[in-house]
Amino acid sequence: MNNGKITASSMWFRQSMRLLHHELRRGELTIIFFAIVLAVATVFSLTGFSGQIKHAIVANSTNTIGADRVLRMSAEVEPSYLVKSQALNLVTARKIETESMVFAGENMLLTELDAVSDNYPLRGELRVKTSLAQAESVIANAPAPGSVWVEPSLLSRLAVNIGDVIEVGVAPLTIAGVVTDIPDRSYRAFIAGPTIILNIADMATTELIQPGSRLTYKYLFAGESEAIATFEDWLKPKLNDAQRWYDAKAAQNRLSRVLDTSEKFLSLASMLGIVLAAVAVAVASRRYGQRHQATVAIFKALGASIRHVKKLYCLHWALLSCLSIATGLVLGYGLMLLGANAIASYLSLAEAPLTMKPFLTAIITGLLCAIAFAIHPIMSLVQSSPLKVIRGFSQEKTARFGWHQLPPLLALFLLLFMFSQDLVMSMALLLGGILVSFLLLLFGRGLMSAGRGVGTKAGKSWHLALANLKRRASENSVQLVSFTIAIKLLLLITVMKSSILAEWQQQFPDDTPNHYLINISQAQIPELQQFTEENQIANQGFYYIYRARLSAINGEKTISAEDVASQANSSEQGSEQSNEQSQGRRGVGRELGLTWRNELPIENKIIAGQWWQEGDQQGQVSIEQNMAERLDIKLGDELTFRLGSDEFTVPVTSIRQVNWQSRQLNFIMIFNQSVLEKFPTTAISAWSVSTQDRDKVYRFMANFPTITLMDFAAIMAQLNQIIGQVSVAISLILILVVVAGSLVLIAQVQASMEERERELAILRTLGARGKLLRNSVLFEFVALGAIAGLMASMGMEIGVYILQSQVFNMTGSFHFQYWFVGIGAGAAFVGFIGMLSCWRLLNLSSVTLIRRTM
Amino acid sequence: MHVNSESILTVKNLTKLVQVEDKSLTILQPLDLNVVEGETLAIVGSSGSGKTTLLSILAGLDLPSSGQVYLKNQPLHQFNEELRSQVRAQHVGFIFQQFLLINSLTALENVMLPAELANLPDAQARGEALLSQVGLADRLDHFPSQLSGGEQQRVAIARAFIAKPDILFADEPTGNLDSKTGQHITDLIFDLNAREGTTLVLVTHDSKLAARCQRQVEMDSGVLTETTKVDDNTPLNQEEFTSNQATDKKNKLDANHKVTQAG
Ligand SMILES: Nc1ncnc2c1ncn2[C@@H]1O[C@H](COP(=O)(O)OP(=O)(O)O)[C@@H](O)[C@H]1O
Ligand SMILES: [Mg+2]
């Protein structure tokens, strides 16, 4: 009997494989497989990709600030600081950052200027290529005076080559090479233009530095860590809140917080698709469980034990989970490489290693989908009584609400928590999601019922189709919700890209400014003014601009929200300059642009107090209403400002309402002349340039290379670019939702296949023609898609209305033309997928159909 | 070899009640029954009389509401689902009215199943042999959906015999088939049964089919009555028994199987 024993131990395995083998040709496992693959691939690529980006930027580069410590400020440093650092044998490098126009012949471009001292960088590597043919870049320091390193994209955008001369401010500088690595490059989300690195010695010749110019000064320090520590102890008490002292770690922490946030956001958005994939798993496994009832009952009737049956199905599920998770990981890896390839020109991920995190996250996601959403049907399958072979296999309806819904809900919560790391947020999203789905379900049901009524009058095929749609309403609701979401995303992208911005631009009157001039010196103003008068260019004059901090309100020092946050984390980033005062009144947290005026600017309205008289020697300030509310500032409050090394205190004499949407130059704080006039500064202006004057203006402005002329169209182009980038992210989610939604639809159709076969057979025997049958099936899906499209269109209008009223501050408008797009796209797509999944059914000959079901 | 006089199935005071909404409905009145090894027994009765209910209790698929069921001396009424499964795997074969093949397995795989569950060696060889005995040698790899009703039932018959069960339960095995096919199926069952010497308990509403069994009992609204026919109504497999044995058995039956009728 030895032979028999060996057979026994592997027998269940062989039986299980046999069942699985035949099962693979049926639909449910395929659906479950694809759903898990989808979820795993999404999570893996997303987590892996952002992990690699983070690694490439943060962890891998030895130094991201080009020094051991950086002191960043908006003015030059006190000489005594540098004397002290020299005494401690610290090495110092300087860097000035600003934005400016550069010119090459007819072309001009807004760029990031980095003026650096000869020994820059102190840590990390600046790498350049002095010829484009050169394969390897070489380590470099600041370019020699008279020359610049530029980022490669500048060459094509200005149509220049290495060796050509570009004008930076008024200085002609030669492009000596392209820069491939900048150790302390800024990863701000949307940088205006390519970076140019020039020698700090050339900064004076550019004439870009004017009093009041918007510049960032960085002082880089490197040396023995003890010396650094001593310097830090000496320096920190002397710093004010406009000066930041940080090390590489603090800079990285800041950066990785930003990256974490965007990763979190994307993962949560992708939850939409993952939930749908899980729903597909749930639908398919319920169907699978029902279909296998007979098998289990027969197995048991023939003497198989529960243990035996459990082993059979656990093996199925284990194999299915492993296979789909593995496939998902491979696919996700592929997607990740695609992503890395797409950003390769900007950031190389080649050396960023994969951590365990994406693997773990993706595998957990896959397991949760495979187990939590399938456990109930599989468990009740295994429990099937053998008595069923005698009493028949009822299609047991599981209760709508019950304990069996706990595992899926728990799994959803776990996923949300895994992605957000935030208990409250996960709870809110889960409940919110349930609420929204519930509302959509309710509404969709209503529409399906309404359709039933309409269908009675709309011909036989439609009648049948809509009757079926209503009868399967509860099964159809899930698809309805998923396609509604997908179509809504599609519509939102379309409307956002094509309509909102255009409508927003159209609503401005003709003399709305479309060009902005920055960095105008006092001496240049008369000439420019004369030009605008001669050419009748509409403008609201020149505004002197001053950068200052609100340092106290009624003598109470202010702190910014940012400072509060950094204090909370101060143990983790101890080297970041911490604020001396731990308590204080809520402030602004950034430098404000101040100006003075004799007359109230247009689009401004006094809502409290009074505007001052011209020539009033008593210092006064007028504050914008929202800011006043936020900081709890009342008329008569005394505000103290720190402008460079000066400090002054003035009373609030009026509160203004400002139309921020006017595209005029708007200011939160406006002073009377006597307060600010003594400080040297530059001015800005906003002009409305007509199309025919455009060339003339540009030719004239070429005489003033130190002035940055910004075309509003260029700003709009940048905004469009941002919207484009957001759309890409939304499109990815959209694709995910569409694929997952289709899986749910196919799973649902499969679940209703026998029922459909029976119906068709009955209709056939009653003499219905093939066309009627086909149309009744097709129209059912078309109607489902159309209803989803309709709901999506309404949802889109709500979304657009919120965007228009909250973000763009314009009056809401309807976009009926997109309703057709939504309804059409829904009907076509769902109709197509539905027909595809019913293909077999529709192509069965009527004889087979009747034989099979009768 | 079995000792013919030994009883394989003994039922005492068995009843079955089911709960329908708030009322309890008696499906089987208290009944006794004894089946000896090698015997063929027919339970006849009109539809709804409780035959299938009785059969499912005898085979250990269901539990009685009261009373005892011994199959191969094992007290099924005291056994849980798992233990009853074991008994079925070792001693019981089934043929159902609806064939009940596993749709996703081939004919041969369906037939092999009980042998595998009972850990018998040579499942495949035996399966092939049995399928050719029922005339399906060339349909081994076909799926149930590719077979006619009669062919499916032939597969089910092969499956019923593969594990050499001690007792075979057949519930209206020809109920879903036309009369000609039904005849063929019946011949196959009795043929194989005779060859294997299996005890057969056959449920049917068809008196002609019942007549081929050595002994008949009748079920009427849950009440079981012995109706064994006179000796000249020769059972098909009588030649397997010596007349001695048959008489011997007959006496035993008369002595032991008093069918009780409750009031
Ligand atoms: N679980 C049950 N619940 C309610 N009634 C049942 C149940 N099982 C069987 N019955 C009823 O018991 C009676 C006997 O059924 P059954 O044994 O299938 O009869 P037969 O096989 O003789 O046609 C029928 O009236 C049937 O409806
Ligand atoms: Mg019956």
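Treat the numbers as computed from the prediction; the structure is a model and nothing was measured.

Student: So what's going on with the overall build of chain B? Which residues, and what values?
Tutor: Counting its secondary structure elements, chain B contains eight helices and 10 strands. For chain B, the residues scored as buried account for 54% of the 263 residues in total. Surface exposure of chain B reaches about 11300 Å², of which carbon and sulfur atoms provide 45%.

Student: So what about the sheet that holds strand β4 (residues 66-71) of chain B? Which residues, and what values?
Tutor: All names here are of chain B. Ordered by their spatial adjacency, four strands build an open sheet running β2-β1-β4-β5, and the pairing between neighbours is antiparallel. Two strands lie at the open edges of the sheet, namely β2 (23-36) and β5 (74-75), each paired on one side alone. Pairing analysis gives 10 bridges linking strand β1 (residues 7-20) to β2, with the strands arranged antiparallel. When the sheet's bridge partners are listed, Q19 is paired in β2 with S24.

Student: Mind laying out helix α12 (residues 406-420) of chain A, listing which residues take part and the relevant values?
Tutor: The end-to-end C-alpha distance of α12(A), which contains 15 residues, comes to 21 Å, matching closely the 21 Å that a straight helix rising 1.5 Å per residue would cover. Along α12(A), the residues that are buried comprise A:P408, A:A411, A:L412, A:F413, A:L415, A:L416, A:M418, A:F419 and A:S420.

Student: Run through the pattern of salt bridges, naming residues and quoting values.
Tutor: Using the criterion set out here, one finds 27 salt bridges over all chains in the structure. Residues B:E116 and A:R14 are paired through a salt bridge, measuring 3.9 Å at the closest nitrogen-oxygen approach. With one member in each of two chains, B:E116 in helix α3 (residues 107-117) and A:R14 in helix α1 (residues 2-23) form a pair that bridges those chains. Judged by relative accessible area, B:E116 falls into the buried class, the value being 4%. Its salt-bridge partner being B:E151, residue B:R139 comes within 3.1 Å of it at the nearest N-O pair. One end of the pair, B:R139, is in the loop between α4 (123-133) and α5 (149-162); the other, B:E151, is in helix α5, with 12 residues separating them in the sequence. What you see here is one network of salt bridges that share partners, running through A:K95, A:E97, A:D114, A:D184 and A:K218.

Student: Could you give an account of the packing of aromatic side chains, with specific residues and numbers?
Tutor: All names here are of chain A. Under the criterion given, the structure shown has 26 aromatic pairs over all chains. Ring centres 6.3 Å apart and planes at 80° place the aromatic pair Y288 and Y313 in the edge-to-face group. Taken together, the residues Y288 in helix α7 (residues 248-301) and Y313 in helix α8 (residues 306-342) connect sequence positions 25 residues apart. Here Y288 and Y313 have matching classes, each one buried. Plain terms: the ring middles of F814 and F816 are 5.2 Å apart, the flat faces sit at 10° to each other, and that makes the pair stacked. Above the plane of the ring of W234 lies K238, whose end atom (NZ or CZ) is 4.1 Å from the centre. Over the ring of Y543 we find R597; its NZ or CZ atom is 3.7 Å from the centre of that ring.

Student: Residues and numbers for the side chain of A:N666, please.
Tutor: Residues and elements named next belong to chain A. Inspection of the secondary structure puts N666 in the loop between β20 (646-658) and β21 (669-671). Residue classification places N666 among the buried residues on the basis of a relative accessible area of 17%. A polar side-chain atom of N666 sits 3.2 Å from the main-chain carbonyl oxygen of N659. Ignoring anything within four residues of it in the chain, the contact list for N666 reads N604, V658, N659 and W660.

Student: Explain the interface of chain A and chain B to me, and be specific about the residues and the numbers.
Tutor: Counting residues at the interface gives 29 residues for chain A and 30 residues for chain B. At the boundary of chain A with chain B, total buried surface from both sides reaches about 2700 Å², with 65% on carbon and sulfur atoms. Contact with chain B buries area across many residues of chain A, yet A:R18, A:L302 and A:I390 alone supply 23% of it, more than any other trio. Here chain A is connected to chain B by three salt bridges. Remark: the boundary between chain A and chain B carries seven residue pairs in polar contact (both at pLDDT 80 or more). For the side of chain A that touches chain B, the element with the highest residue contribution is α1(A), accounting for nine residues. Taken together, the residues of the side of chain A that touches chain B break down into 15 nonpolar, seven polar and seven charged.

Student: Explain a nonpolar patch on the surface residue by residue, including any values.
Tutor: Residue and element names in this part refer to chain A. A cluster of nonpolar residues, L367, I371, I375 and M379, forms a patch on the protein surface that exposes about 310 Å² of accessible area. If you list the elements that add at least two residues to the nonpolar patch, you get α9 (356-372) and α10 (375-382). When you line up the elements, M379 lands in helix α10.

Student: Would you mind going over the packing of α4(B) against α5(B) in detail, with residue names and values included?
Tutor: Residues and elements named next belong to chain B. Direction vectors running N to C along α4 and α5 enclose 135°, while the axes themselves pass 9 Å from each other. Regarding the angle of α4 to α5, the classification is oblique. Regarding α4 and α5, the two cross each other, and that crossing is right-handed. When α4 is examined against α5, the residues A123, R126, G127, L130 and L131 are found in contact with a partner set consisting of V155, A158, F161 and I162.

Student: Requested: an account of the sheet that holds strand β8 (residues 199-204) of chain B, with residues and values cited.
Tutor: Residues and elements named next belong to chain B. Pairing in this open sheet of six strands is mixed, and the strands run β6-β7-β8-β3-β9-β10 from one edge to the other. Across the chains shown, the open sheet's two edge strands, defined by having one partner strand only, are β6 (92-95) and β10 (223-226). This sheet shows a mean twist of 20° between the axes of neighbouring strands, independent of strand direction. In this sheet, β8 lies alongside strand β7 (residues 167-171) in parallel orientation, the contact comprising five bridges. Within the sheet, the bridge partner assigned to F169 lies in β8 and is V201. Contacts between helix α2 (residues 81-91) and the sheet are confined to β6 and β7, with β6 contributing the most and set at about 80° to the helix.

Student: How would you explain the confidence of the model for chain A if you had to name every residue and give the values?
Tutor: Residue and element names in this part refer to chain A. With 90% of its residues at a pLDDT of at least 70, chain A reaches an overall mean of 82. Mean pLDDT across the secondary structure elements of chain A bottoms out at helix α17 (residues 561-568), with 46, and peaks at strand β6 (residues 147-150), with 94. Scored below 50 in pLDDT, residues 562-582 makes 40 contacts in the model with residues more than four places away or belonging to other chains.

Rules used throughout
Residues numbered from 1 in each chain as written. Chains lettered and ligands numbered in written order. Predicted model: local features only at pLDDT ≥ 70, side-chain atom pairs only at ≥ 80, totals over all residues. Heavy atoms only, no water. Helix = DSSP H or I, 4+ residues; strand = E, 2+ residues; numbered from the N terminus. Buried < 20%, exposed > 50% of the residue type's maximum accessible area, 1.4 Å probe, protein only. Areas by Shrake-Rupley, 256 points an atom, 1.4 Å probe, with all protein chains shown as cover. Pairing = 2+ DSSP bridges. Expected span 1.5 Å × (residues − 1). Salt bridge = Lys/Arg side-chain N within 4 Å of Asp/Glu carboxyl O. Phe/Tyr/Trp six-rings, centres within 6.5 Å; stacked < 30°, edge-to-face > 60°. Lys NZ or Arg CZ within 6 Å of the ring centre and 35° of its normal. Polar contact = N/O pair within 3.5 Å; in protein donor to acceptor, adjacent residues only side chain to side chain. Contact = heavy atoms within 4.5 Å. Buried area = accessible area lost by both parts, 1.4 Å probe. Nonpolar A, V, L, I, M, F, W, Y, C, P; charged D, E, K, R; others polar. Patch = residues over 30% accessible without salt bridge, like charges linked within 9 Å, V, L, I, M, F, W, Y side chains within 5 Å. Axes fitted to C-alpha atoms, helices over the stretch in contact; angles between N-to-C directions. Parallel < 35°, antiparallel > 145°, perpendicular 65-115°, else oblique. Left-handed = near helix turned anticlockwise from the far one by under 90°. pLDDT = per-residue confidence, 0-100.

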